[in-house]
Amino acid sequence: MSSGVEAYKEFFETNIIPPSWKDRSWSKEDFRKFHQSTVESKKALEEWWVKWANELFWFKKWDKVLDDSNPPFYRWFVGGEINLAYLDTDWQIEKGRKNKVALIWEGEPWDETLKQPKEVKKFTYYDLYRESNVISYALKEKLGVKKGDILTFYLPMIPELPFYMLAVQRLGVGHSIVFSGFSAEALAARILDSGSKIIVTADGFYRRGKVVSLKPIVEEALKICEKNGLTIQKVIVVKRAGIDIPWNSERDVWHHELISGIPPTVKVPAERCTESIISHILYTSGTTGTPKAVQRSAGGYAVGLYATMKMIFDAKDDDIFWCTADVGWITGHSYVVYGPLLVGLTTVMYEGSPDYPEPDRWWSIIERYGVTIFYTAPTAIRMLMRFPEDLIRRHDLSTLRVVHTVGEPINPEAFNWYYKNIGREDVVASSTWWMTETGHIITGHFPGLGKLFPLKPGTNGYALPGVTLEVVDDDGNPCPPGVRGYFVITSPWPGMLETLYKNPQRYIDAYWSRFKGKMYFYTGDFAVKDQDGYVWVLGRADDVLKVAGHRIGTAEIESALIRHPAVAESACVGKTDPIKGQVPVVFTVLKKGFKPSPEVEAEIRKYLRATIGPIVASDVIITFVDSVPKTRSGKIMRRLLRAVVEGATLGDITTLEDGVAVEEAIKAYEAIKTAIGEKKG
Ligand code: 6R9
């Protein structure tokens, strides 16, 4: 095989529906050559993605595959007209999937007598099409929503969330989904930044056997918006929990009332969306106190999702696909909703917690629907690993053939447990690396690859064909195998973010300015490549944590804490946790007049719950200190604090901080050790 282009042709011809894990025959050399060709030739890279793009339905094909004339503002499939809702419903119906189940939804409440969930709803592609058309109609005709608007969804895991997502896509309207575990303040900040005038929420939902109410949080958030000059036009409320909620009759409308009277057969034409139309924005944490909104359009995103559904998950027509992520995060956007529907699968959505009523709920779901492809997070695996394996053996998991993970590094022990107990050592399994910014999976082991590149527990495998990656040093030069460096993506890929919403400068600064003279996308992660070319992502290189799979910046926690009346100063770092991956530790200095006590601690925790949200607040470790160690120029000695919480020895830490004398580091180390020791004592 001479050129990369030929290699990709062969790969493509034999892999459009990739053969299973076991019976692949294409060679390692071809694969490597193809990869090399995409690094060396823009043409080969573009041709590869065009092959995938040609598989999709476009109202009008693109004029240009990749516009890279104004980096880093890359644009894919320029001039192409596409619609995500059309692809996910209309197009599937055209392909004969009208009566196929598109979505299986299971509510959390459990019937103890019948030993089954109390509510299961199944929606065919036609149902999905009708439900979303009715909503599109209501939004357009009753509320005047139009192309280019952005709506905020603060919804739990209920079917109306995908309905609304598809409804706005149909209109060429963007969504900004805020994870329902976020607090009123976090929600308000996101609404204010996006300028959304319409919010879609629910009265409440079920979690661990309890009703969690959402509407009061929205109410509080809207007060904050009001104070900041943003008046919300409409709050649409889905009735899920049937609980009493605060109500503003001028502003609020029940979802069922909004759509009442609209014929179920109503059809709203799908808008033709070019790369200039925002399909969604999604807030994610960075290294400052303010979250940033990743922005992308539909075309490139759809191509990336389609390709990864086929390549990584080996999607076949009869697959039942279950990604356990919350739709409020990118993993849920891409692999609960848009991706699986794009390839015509049945996607499963579960409302509640994995351990309710017992820790075998997930395994029962796999059995109940015959799930064939399962996608989850290491933190959940580590949590479920603690329970007796009998809980798994009670259920028939033999339908599973692909089981991947995402969200954080997976330790070999957890991987092996997952592969053995859930995958029965007879599946494709890997840790797929990607992020909110990439839109879709970037690395992973995939069907057809296993024979060429044997699985190694804990690795992230290879870059997806068509994606070029590197592990580099401070100057942007490749690190030799086995040497830790910064993980970068060296050329544009289709699902990439296009900018940060209303903040192009931050987009340049946060992602594209790390390596002088090189247009590399800086992921913020540390990684190593091994001798065989496998990537191992080790964790974040910046001040961003992954707490039970949830991404949160230490600066966000600090900037929330500093507003608490008792707090003079704080420094937050991550600590390794055997289940959650990481937990935040905050070194807190109290103001004069306040003394460390369990009451103050509880008060601060409550405050974090209100400002950031319950997920992070319940895991945070609060440590009171008299001062936080700083360099002479006033910077917090974060690396030292990190080392201290990880139990490093004095010898390890003296060289850690730039510009800090050894004696200073020792002094700071001892002071902080004493402070922690006293607390423990
Ligand atoms: C999809 C998602 C992104 C960060 C990323 C990295 C970590 C994700 C990983 C992984 C090791 C994997 N991460 N997948 N680390 N192995 N398979 O999680 O998006 O929430 O934006 O987080 O998650 O640190 O930079 P997001």
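For the structure itself, consult the block above.
We now turn to the structure provided with this report. (Residues numbered from 1 in each chain as written. Predicted model: local features only at pLDDT ≥ 70, side-chain atom pairs only at ≥ 80, totals over all residues. Heavy atoms only, no water.)

Focus on the environment of Leu538
In this fold, Leu538 is placed in strand S27 (residues 535-540). Excluding residues that lie within four positions of it along the chain, Leu538 makes contacts with Pro409, Arg484, Phe526, Ala527 and Val528. (Helix = DSSP H or I, 4+ residues; strand = E, 2+ residues; numbered from the N terminus. Contact = heavy atoms within 4.5 Å.)

Some points on the site of the ligand
Around the ligand there are 18 residues in total, and Ser431, Thr436, Asp525, Arg540 and Arg551 lie nearest to it. With respect to the ligand, the side chain of Ser431 contributes an N or O atom lying 2.8 Å from a nitrogen atom. At 2.5 Å, a side-chain N or O of Thr436 approaches an oxygen atom of the ligand. Against a free-state accessible area of 530 Å², the protein chains account for coverage of 97% of the ligand. Elements supplying a minimum of two residues to the shell around the ligand: helix H11 (330-342) and S27. (Near = heavy atom within 4 Å. Polar contact = N/O pair within 3.5 Å; in protein donor to acceptor, adjacent residues only side chain to side chain. Areas by Shrake-Rupley, 256 points an atom, 1.4 Å probe, with all protein chains shown as cover.)

Let's talk about the sheet that holds strand S8 (residues 174-177)
Reading across from one edge, S13-S12-S9-S7-S8-S14-S15-S25 is the order of the eight strands in this open sheet, with mixed pairing throughout. Edge positions in the sheet fall to strand S13 (252-254) and strand S25 (499-500), since each has one partner strand and no second. Note that strand S9 (residues 198-202) and strand S12 (residues 234-238) share five bridges and pair parallel. Paired with Thr201 across the bridge in S12 is Val237. (Pairing = 2+ DSSP bridges.)

As for unusual backbone geometry
For residues that are not glycine, phi is negative in most cases, and the peptide bond is trans in most cases. In this chain, Pro71 is followed by Pro72 through a cis amide linkage whose omega measures 5°. Between Tyr356 and Pro357 the backbone carries a cis peptide bond, its omega angle lying at -5°. Tracing the backbone through its elements, the reader meets Pro357 in the loop between strand S17 (346-350) and helix H12 (361-369). Positive phi, close to 60°, is recorded for Asp314, a residue that is not glycine. For Asp314, a relative accessible area of 1% corresponds to the buried category. Backbone geometry at Glu425 places phi at a positive 55°, although glycine is not the residue there. With respect to the secondary-structure elements, Glu425 resides in the loop between helix H15 (412-422) and strand S20 (428-431). (Buried < 20%, exposed > 50% of the residue type's maximum accessible area, 1.4 Å probe, protein only.)

A look at empty space enclosed by the protein
In the structure shown here, the tally under the stated rule is six cavities of 30 Å³ or more. The calculated volume of the largest cavity comes to roughly 90 Å³. Every residue lining the largest cavity is listed: Phe179, Gly181, Phe182, Trp329, His550, Arg551, Ile552, Ile612, Gly613, Pro614, Ile615 and Val616. Of all the secondary-structure elements, those providing two or more residues to the lining of the largest cavity are strand S29 (550-553) and helix H19 (614-619). Counting only domains with at least three residues in the lining of the largest cavity, you end up with domain 1 (127-271) and domain 2 (543-680). (1 Å grid on protein atoms, 1.4 Å probe; cavity = no way out; pocket = protein on both sides within 12 Å on 5 of 7 lines; lining within 4 Å. Points joined across faces, edges and corners; volume = space filled by probe spheres on them. Domains from an automatic or database assignment.)

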